[in-house]
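# Secondary and tertiary structure notes
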Amino acid sequence: MTKKLEGKVALITGAGSGIGRAMAILFATEGASIVVADVVTDRVEEVVAVIKDTGGNAVGVVGNVALESDVENMIASATDTYGRLDILCNNAGIMDKMLTITEISDEFWERLISVNLTGPFRMCRRAIPIMLDQGSGVILNTSSLAGLHGGRAGAAYTASKHGLVGLTRNTAWTYADKGIRCNAICPGAVETAIGIGGDEPSELGFARMCLGTSIIPRAGSSEELATVALMLVSDDGSFVNGAILAVDGGWTAY
Ligand SMILES: NC(=O)c1ccc[n+]([C@@H]2O[C@H](COP(=O)([O-])OP(=O)(O)OC[C@H]3O[C@@H](n4cnc5c(N)ncnc54)[C@H](O)[C@@H]3O)[C@@H](O)[C@H]2O)c1
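We now turn to the structure provided with this report.

What counts, and at which threshold
Here the residue index of a chain counts from 1 through its sequence in written order. In keeping with the predicted nature of the model, local features appear solely for residues at pLDDT of at least 70, side-chain atom pairs appear and are counted solely at 80 or more, and the whole-chain, interface and lining totals rest on all residues. Water and hydrogen atoms play no part in the side-chain values, which are based on all heavy atoms of the structure. Elements are defined by DSSP. Helices are runs of H or I of four residues or more, strands are runs of E of two residues or more, and each kind is numbered from the N terminus. Helix span, expected: 1.5 Å multiplied by one less than the number of residues in the helix. In this analysis, two residues are considered to be in contact whenever any of their non-hydrogen atoms come within 4.5 Å of each other. The term salt bridge refers to a side-chain nitrogen of Lys or Arg lying within 4 Å of a carboxyl oxygen of Asp or Glu. Note on exposure labels: buried denotes an accessible area under 20% of the residue type's maximum, exposed denotes more than 50%, and partly exposed covers the range between, all computed with a 1.4 Å probe on protein chains only. By convention a nonpolar core is built from buried Ala, Val, Leu, Ile, Met, Phe, Trp, Tyr and Cys residues, the set being connected through side-chain atoms within 4.5 Å. Given a residue, its bend is the angle between the two axes fitted to the seven residues that end at it and to the seven that start from it. Only heavy atoms are used to decide nearness, and a residue is near a molecule or strand if one of them lies within 4 Å of it. A 3.5 Å cut-off defines polar contacts: any pair of N or O atoms within that distance qualifies, except that in protein one atom must be a possible hydrogen donor and the other a possible acceptor, and neighbouring residues in sequence count only when both atoms are side-chain atoms. In short, Shrake-Rupley with a 1.4 Å probe defines the accessible areas, and a residue's cover is counted only from the protein chains shown. Just so you know the grouping, Ala, Val, Leu, Ile, Met, Phe, Trp, Tyr, Cys and Pro go in nonpolar, Asp, Glu, Lys and Arg go in charged, and all remaining residues, Gly too, go in polar.

## Side note on helix α2 (residues 41–53)
- When the terminal C-alpha atoms of α2 are compared, their 18 Å separation across 13 residues agrees well with the 18 Å that a helix rising 1.5 Å per residue should span.
- Packing partners of the buried residues in α2 comprise α1 (18–29), β2 (33–38) and β3 (57–62).
- Of the residues trailing α2, Gly55 is marked for its positive phi of about 90°.

## Regarding the side chain of Thr171
- Mapped onto the secondary structure, Thr171 falls in helix α5 (residues 155–174).
- In this view, Thr171 contacts Ile128, Ile139 and Cys182; residues no more than four positions away in its chain are not counted.

## Concerning the pattern of salt bridges
- The full count for this structure, using the stated rule, is 9 salt bridges.
- Taking the shortest distance from any N to any O, the salt bridge between Arg21 and Glu46 comes out at 2.8 Å. Of this pair, Arg21 sits in helix α1 while Glu46 is found in helix α2, placing the two residues 25 residues apart along the sequence.
- Given the relative accessible area of 33%, Glu46 is considered partly exposed.
- Among the salt bridges present, the one from Arg218 reaches Glu224, with a minimum N-O distance of 2.7 Å.

## Brief notes about the nonpolar core
- Core analysis: the largest hydrophobic core is formed by 32 residues, its most contacted members being Met23, Phe27, Ile34 and Val36.
- For this core, the elements supplying multiple residues, two or more each, are β1 (9–13), α1, β2, α2, β4 (87–90), β5 (137–142) and α7 (222–233).
- It is α7 that contributes the most residues to this core, 7 residues altogether.
- Contacts of Val36, omitting those with residues within four sequence positions, involve Ile12, Ala15, Val44, Val47, Val48, Ile51, Ala58, Val59, Gly60 and Val61.
- Counting 25 residues, the second-largest nonpolar core is a separate cluster that includes Val61, Val115, Cys124 and Ile130.

## Some words on helix α4 (residues 106–134)
- Over its 29 residues, α4 extends 40 Å from the first C-alpha to the last, a length consistent with the 42 Å expected when each residue adds 1.5 Å.
- A bend of about 45° at Ser114 is the largest found in α4.
- Trailing α4 by a residue or two, Gly135 shows a phi angle of about 85°, which is positive.

## Observations regarding the site of the ligand
- The environment of the ligand is made up of 29 residues, and the closest members are Ser17, Asp38, Asn64, Tyr157 and Thr192.
- The contact in question runs from an oxygen atom of the ligand to an N or O atom on the backbone of Gly188, over 3.3 Å.
- Burial of the ligand by the surrounding chains reaches 92%, relative to a free accessible area of 830 Å².
- Looking at the shell around the ligand, the elements with two or more residues in it are α1 and α5.
- For the shell around the ligand, the per-class residue count stands at 13 nonpolar, 13 polar and 3 charged.

Everything listed here is a matter of coordinates, which is why it stays silent on function.
See below:
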């Protein structure tokens, strides 16, 4: 049977754990050559080893999506190793502490926005010229239900993920006639290593989030997100562009 990503090169940020790890492993089994990008060295090495052990192609790059020099390095890993870049998954993200707007310091706000929103912007800024030269490319951003709703996280995370939805739509529209597609998935509750991002959750923010979590039908797995991602980055999703897709087991249906 033909593999869905044969000959493609996919760079996935936050590929060392959870949803990004599952994407990297699934895309490799579908024939893609993978750039495993993550800020944690051990995680990068583990995922590269898993892919290679199962006969796939992978190269690892350790870096922080919030740093321009690391972003440059991640993109160069794809082009230097494989000579092209077909798929970019902006998946790395960090949670907030459920902090309300009056509780957030400038430092905390800037750190979260730099990872969750500025990182994807910078990755796209370097990836899109390569995709334009190729005449094709696919970008998939990992937003969140907090990118669609106001009460699923703290203010900074919610704002960052709404921002990523806007970046997705603008990218999709701008390059729609240039062979580049851009979509976003909005996971509901997925069992991963991601935490609430600190040990001092705001009472108000956490209590509000719990109102939402009490109506979660069930938690999803990283693999359930990866199969949807595969559809969107492969030719199965060739007519899907600018979509903001909730993948939440029905949480938003409530
Ligand atoms: N798990 C959920 O319930 C859930 C829900 C909605 C959205 N999301 C989003 O899904 C994405 C993946 O999260 P996950 O749940 O798999 O979490 P995770 O913590 O298991 O994996 C995230 C990975 O990103 C890496 N990372 C963090 N900051 C980075 C940086 N600055 N540069 C490079 N890599 C970095 C981490 O080291 C980690 O390996 C995130 O964007 C998150 O906001 C998750």
